[in-house]
Amino acid sequence: MTDPDFVKGNGGGVYDDRECSCPREFYQRGEINTSLFFEDCIRSIDFVLAYRINAHEPTELENTEKRRVFEANLISQGLEVEASQKDQIWFVKIHAPLEVLRRYAEILKLRMPMKESLCNLRISERSNRLRNAAHYLTNKVGQSVEVEPIPGMSVVNRSTKSVFSSLKHVFQFFLRNIYVDEEIFPKRAHRFTAIYSRDKEYLFDIRQDCFFTTAVRSRIVEFILDRQRFPAKNQHDMAFGIERLIAEGVYSAAYPLHDGEITETGTMRALLYKHWASVPKWYRYQPLDDIKEYFGVKIGLYFAWLGYYTYMLLLASIVGVICFLYSWFSLKNYVPVKDICQSGNTNITMCPLCDWCNFWDLKETCNYAKVTYLIDNPSTVFFAVFMSFWATLFLELWKRYSAEITHRWDLTGFDVHEEHPRPQYLARLEHIPPTRVDYVTNIKEPTVPFWRMKLPATVFSFSVVLLLIALAFVALLAVVVYRMSMLAALKVGSSPMTTSSAIVLATASAAFVNLCLLYILNYMYNHLAEYLTELEMWRTQTQFDDSLTLKIYLLQFVNYYASIFYIAFFKGKFVGHPGEYNKLFDYRQEECSSGGCLTELCIQLAIIMVGKQAFNTILEVYLPMFWRKVLAIQVGLSRLFNNTPNPDKTKDERWMRDFKLLDWGARGLFPEYLEMVLQYGFVTIFVAAFPLAPFFALLNNILEMRLDAKKLLTHHKRPVSQRVRDIGVWYRILDCIGKLSVITNGFIIAFTSDMIPRLVYRHYVNKNGTLDGYLNFTLSEFKVIDSPTLYSLAGDLSNITTCRYTDFRLPPSSPEKYTLSSMFYIILACRLGFVVVFENFVALVMILVRWCIPDMSVELRDQIRREVYVTNEIIIDQEAHRARFERAKRCSSVLQTPVDQDMDAASIQEPNAKFINIEKLLTENLTQIEMDAIIHGENPITGISGADCLDEVHKKLSD
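Keep in mind that this is a model prediction, so the values were computed, not measured. (Residues numbered from 1 in each chain as written. Predicted model: local features only at pLDDT ≥ 70, side-chain atom pairs only at ≥ 80, totals over all residues. Heavy atoms only, no water.)

J.: An account of the UniProt feature "transmembrane region" (unreviewed entry) in the protein is requested, with residue identities and associated values reported.
T.: Listed under "transmembrane region" (unreviewed entry) in the UniProt record, and renumbered for this structure, are residues 308-329, 380-398, 459-482, 502-521, 548-569, 677-703 and 824-851. A distance of 26 Å separates the end C-alpha atoms of residues 380-398, which is 100% helix and 0% strand. Summarising residues 502-521: 100% helix, 0% strand, and an end-to-end C-alpha distance of 28 Å. (UniProt positions renumbered as here; feature names shortened; annotations may be inferred. Helix = DSSP H or I, 4+ residues; strand = E, 2+ residues; numbered from the N terminus.)

Right under this line is the structure:
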């Protein structure tokens with residue numbers, strides 16, 4: 001069929017027919033898995049459709065007709081199908097021939113690797129001044145006597161080399177156990193790519209190194225499946241696409257195949273499961289290139305981002321733990337805690353916390369005060385500033401790292417506008433004639449009517465989102481009422497608890513109730529947000545996903561953070577004072593303890609964040625196992641869970657085993673991203689109240705990364721490869737969270753913590769600059785007789801004549817008693833001044849970090865420019881060769897004999913042979929003189945007139 005000397009691969013073997021019909025990894029194994037092929041064991045199974053016979057006969061007749069028409073349309077597109085039956089389940093196996101792959105690769109504008117022979121690019125190592133200076137100083141010792149050598153430099157040089165060599169060996173040993181093991185996952189060579197075109201097929205080698213990988217094949221087949229019609233009543237506009245058929249029960253599933261079992265030697269799935277998805281390998285870097293090749297760019301980019309985020313959390317965790325240890329060791333010297341806890345001090349009677357509560361002793365909050373100091377201490381400001389700096393550094397370094405990945409995975413030139421319209425979008429506009437020409441694809445498309453469709457859908461969507469946000473605030477109000485009732489019950493019951501224990505228990509139980517409400521509301525939010533986004537008529541899948549992401553994140557943001565914002569900025573701020581409380585619905589508002597609400601904020605954060613992560617981890621481990629068991633029971637295949645290799649291949653078909661796995665779905669990554677971005681909000685927005693948040697996030701992410709990988713490889717069908725440019729709208733959300741964190745942390749330090757009052761007391765009130773007497777400074781006095789409610793609570797206990805409360809108000813002896821004192825306004829001015837200074841300082845640091853760290857390194861920028869230049873030169877050069885050849889062919893056609901014409905007819909019947917022979921001639925790098933000489937001869941081997949004169953031309957040129 002072809003010249004065997006020309007079509008050898010890298011391994012030295014000769015290509016056979018199978019290489020054009022299946023991916024190379026399917027047959028380059030010690031033992032071929034025949035369940036990955038059609039019955040002929042040559043054509044690979046690129047996609048599988050599965051269905052079961054419906055017991056209702058009229059419905060089954062209708063489904064059969066739909067399947068017949070749909071599969072006939074697939075065949076008309078060039079796909080090949082083969083049907084099999086197993087355990088009352090029918091499987092339609094689909095194979096995409098080479099011609100179909102070439103045609104749709106051009107339609108989808110896929111970037112494919114160019115020939116290695118055309119891509120020999122040497123990237124010169126950039127030198128810098130420091131390296132040149134070191135080289136100069138080192139070499140100066142060996143210069144001639146004309147140049148005075150530096151005394152002692154040779155000794156320093158030898159000792160430095162010895163120390164550096166020892167450190168280098170230790171460092172390399174450490175890195176070898178962290179980096180990807182290149183013996184298991186060999187480093188992939190960087191290949192130049194170009195948008196595939198059949199007119200420029202001479203740039204590509206479709207037979208080399210599995211040109212059309214399994215990921216590319218499945219993507220092309222899914223593109224075809226999503227756009228084929230099937231019969232429906234009244235010519236329904238949605239009567240097309242495999243998703244619609246699955247929703248109607250015509251098919252049960254549609255999926256590409258894994259390359260083998262997780263225990264099958266020689267498969268990428270088993271390799272990834274053993275060396276990537278294993279929790280004991282948590283310290284290893286991820287094999288991102290192999291993940292991308294197996295699952296596609298979208299999933300590979302998610303794991304790249306998750307790995308980098310986890311890596312950056314390591315620094316934040318270390319600093320957070322150091323700040324926590326500092327607060328722990330300095331606790332014993334904190335004067336206000338000593339004043340509360342030491343038994344020698346006079347008892348301080350505090351005013352009741354609710355209308356039914358009794359007076360209480362401040363000494364009861366001793367443990368509460370200690371916990372408060374662990375959070376509210378001098379290191380809090382430093383850690384808040386550091387985390388704002390860290391958030392900016394993380395995003396800037398991610399952009400830099402993402403640019404490297406984008407270049408390595410050849411996503412630099414990918415444009416979202418090159419995406420084809422969503423099938424659902426075109427279906428809903430089928431009755432509208434095409435009026436707009438897309439400026440990128442140059443294809444006529446219908447335009448969504450603004451007044452009739454776009455505006456009503458947008459207004460309706462916005463209204464529902466506002467309603468759902470209001471529902472989240474109703475849930476918050478319910479939690480607040482529960483917390484107040486719980487605190488009253490614990491203080492008024494038959495065996496009342498201490499105030500400190502009652503506050504902690506009421507806050508913790510309310511946070512747990514809030515967490516349960518969050519999951520209930522989230523379930524409703526997700527379904528409503530998807531329905532609303534579908535109404536908005538987004539053109540591409542990327543635009544649809546971005547809109548859905550913004551809706552759900554907005555709802556989740558309100559849902560998760562509303563209670564935290566309430567405790568941080570509203571609780572205890574507008575309660576009034578004893579005798580004149582500001583009531584809401586005839587009830588007193590919640591109050592903070594003497595140390596403020598920061599401890600309650602920390603408890604709320606810890607329970608929601610850690611509890612949410614723990615619950616999600618449990619769900620990710622056990623929920624897929626549960627649904628797989630349910631699916632196995634439904635299809636009657638209990639042998640699914642036997643992971644030992646089955647020697648009987650007739651009972652172990654790959655397409656059968658994958659059918660029993662769970663569907664991943666087009667938006668399978670959405671909950672994973674959402675979970676991590678919500679966690680990022682906990683780590684940054686409220687980090688001043690919970691310095692250990694980065695540490696708990698780090699522990700969670702180490703498990704999350706490996707459990708996500710295990711879930712993908714073990715419990716789910718293989719996802720169809722999706723091509724994206726970056727993490728999409730998630731980056732903009734992360735950037736907004738980073739900016740919001742600066743504002744929230746500044747206000748938490750200024751208004752929620754006691755840092756500003758402590759500073760004012762040190763530098764303005766107490767001349768000694770210490771905190772002696774600070775506790776009494778923060779407490780105001782109230783005479784019990786001035787409030788009938790408090791007087792009735794005091795009863796016959798005549799010894800309680802006054803009580804204390806946390807505020808800065810004038811004493812009862814003042815003519816303007818219980819009004820805000822001048823100290824309150826001084827502290828308020830200092831709080832506002834701190835917010836302004838803090839915000840501007842952190843903003844300046846963030847601007848400086850962004851300025852110092854470019855989005856792309858200079859080396860990478862120059863390399864991309866160089867590669868673009870070389871790629872264009874290759875195309876221009878090859879086009880020139882092709883033009884010269886076409887001219888030679890036209891000139892020689894008039895000299896052809898009947899034998900030549902027969903050869904041309906044969907080459908038409910076998911176009912690949914002629915193409916390969918032309919390539920042989922082009923690889924000679926002919927000059928214009930040599931090409932002109934070809935015209936005067938002919939060669940029956942190549943089929944090109946004049947080729948037998950090449951030897952004489954070479955001889956004459958050498959002479």
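J.: Would you mind going over the packing of helix α20 (residues 670-684) against helix α21 (residues 693-714) in detail, with residue names and values included?
T.: The contact between α20 and α21 brings their axes to 11 Å, and the two run at 170°. In terms of axis orientation, α20 runs roughly antiparallel to α21. Counted together, Glu672, Glu675, Met676, Gln679, Phe682 and Val683 of α20 and Ala693, Pro694, Ala697, Asn700, Asn701, Glu704, Asp708 and Lys711 of α21 form the full contact between these two elements. Of the residues assigned to the contact of α20 with α21, the class counts are 6 nonpolar, 3 polar and 5 charged. (Axes fitted to C-alpha atoms, helices over the stretch in contact; angles between N-to-C directions. Parallel < 35°, antiparallel > 145°, perpendicular 65-115°, else oblique. Contact = heavy atoms within 4.5 Å. Nonpolar A, V, L, I, M, F, W, Y, C, P; charged D, E, K, R; others polar.)

J.: Quick one: what's the story with helix α13 (residues 379-408), residue by residue and with numbers?
T.: Across its 30 residues, α13 extends 42 Å between first and last C-alpha, which sits within 8% of the 44 Å expected from 1.5 Å per residue. With 21 of 30 residues buried, α13 lies mostly within the body of the structure. Of the residues flanking the end of α13, it is aspartate 410, one or two places downstream, whose phi is positive at about 60°. (Expected span 1.5 Å × (residues − 1). Buried < 20%, exposed > 50% of the residue type's maximum accessible area, 1.4 Å probe, protein only.)

J.: Can you break down the state of the cysteines residue by residue, with the values?
T.: Simply put, disulfide is the name for a covalent bond between the sulfur atoms of two cysteines. Per the counting criterion, the structure on display carries 2 disulfides. Between the sulfur atoms of cysteine 341 and its disulfide partner cysteine 366 the distance amounts to 1.9 Å. Residues cysteine 341 and cysteine 366 share a disulfide whose torsion about the S-S bond is about 110°; that sign makes it right-handed. Here cysteine 341 is found in helix α11 (residues 335-341), whereas its partner cysteine 366 is found in helix α12 (residues 366-375), with 25 residues between them in sequence. Under the relative-accessibility criterion, cysteine 341 is labelled partly exposed at 21%. Disulfide pairing places cysteine 351 opposite cysteine 803 at an S-S distance of 1.9 Å. The sign of the 80° torsion about the S-S bond sets the cysteine 351-cysteine 803 disulfide as right-handed. Pair noted here: cysteine 351 is in the loop between β7 (349-350) and β8 (360-361) and cysteine 803 is in strand β16 (residues 802-806), with a separation of 452 residues, a long-range link. (Disulfide = S-S within 2.5 Å.)

J.: Describe the environment of phenylalanine 382, and please don't skip the residues or the numbers.
T.: Residue position: phenylalanine 382 is located in helix α13. Sequence separation between phenylalanine 382 and alanine 688 is 306 residues, and the spatial gap between their C-alpha atoms is 9.3 Å. Residue contacts for phenylalanine 382: discarding those within four places in its chain leaves Val319 and Cys323.

J.: Go over the environment of phenylalanine 838, please, and point to the residues and values.
T.: Residue position: phenylalanine 838 is located in helix α26 (residues 822-852). Sequence spacing of phenylalanine 838 and valine 742 is 96 residues, and the spatial spacing of their C-alpha atoms is 8.3 Å. Setting aside its immediate chain neighbours within four residues, phenylalanine 838 contacts Ala384, Val385, Val742, Asn745, Gly746 and Ile749.

J.: I'd like to hear about helix α6 (residues 214-225), residue by residue, with values.
T.: Given a rise of 1.5 Å per residue, 12 residues ought to cover 16 Å, and the 16 Å separating the end C-alpha atoms of α6 matches this to within 8%. Of all 12 residues in α6, 10 are buried; the element is thus mostly enclosed. For α6, every residue scored as buried is listed here: Thr214, Ala215, Val216, Arg217, Ser218, Ile220, Val221, Phe223, Ile224 and Leu225.

J.: Tell me what's going on with the nonpolar core, and back it up with residues and numbers.
T.: Counting residues in hydrophobic clusters, the biggest one holds 138 residues, and the most contacted among them are Phe303, Trp305, Trp390 and Tyr561. Residues in contact with phenylalanine 303, not counting those within four places in the same chain, are Trp276, Gln286, Leu288, Ile291, Met705, Asp708, Ala709 and Leu712. By size, the runner-up hydrophobic cluster in this structure holds 43 residues, among which are Ile206, Tyr251, Ile874 and Ile875. (Core = buried A, V, L, I, M, F, W, Y, C linked by side-chain atoms within 4.5 Å.)

J.: Can you break down the pattern of salt bridges residue by residue, with the values?
T.: As enumerated under the stated definition, the model contains 32 salt bridges in all. The closest approach of N and O atoms between glutamate 99 and arginine 102, which form a salt bridge, is 2.8 Å. Of this pair, glutamate 99 and arginine 102 both sit in helix α3 (residues 98-107), separated by 3 residues, roughly a single helical turn. For glutamate 99, a relative accessible area of 37% puts it in the partly exposed group. Taking the shortest distance from any N to any O, the salt bridge between aspartate 545 and lysine 298 comes out at 3.7 Å. (Salt bridge = Lys/Arg side-chain N within 4 Å of Asp/Glu carboxyl O.)

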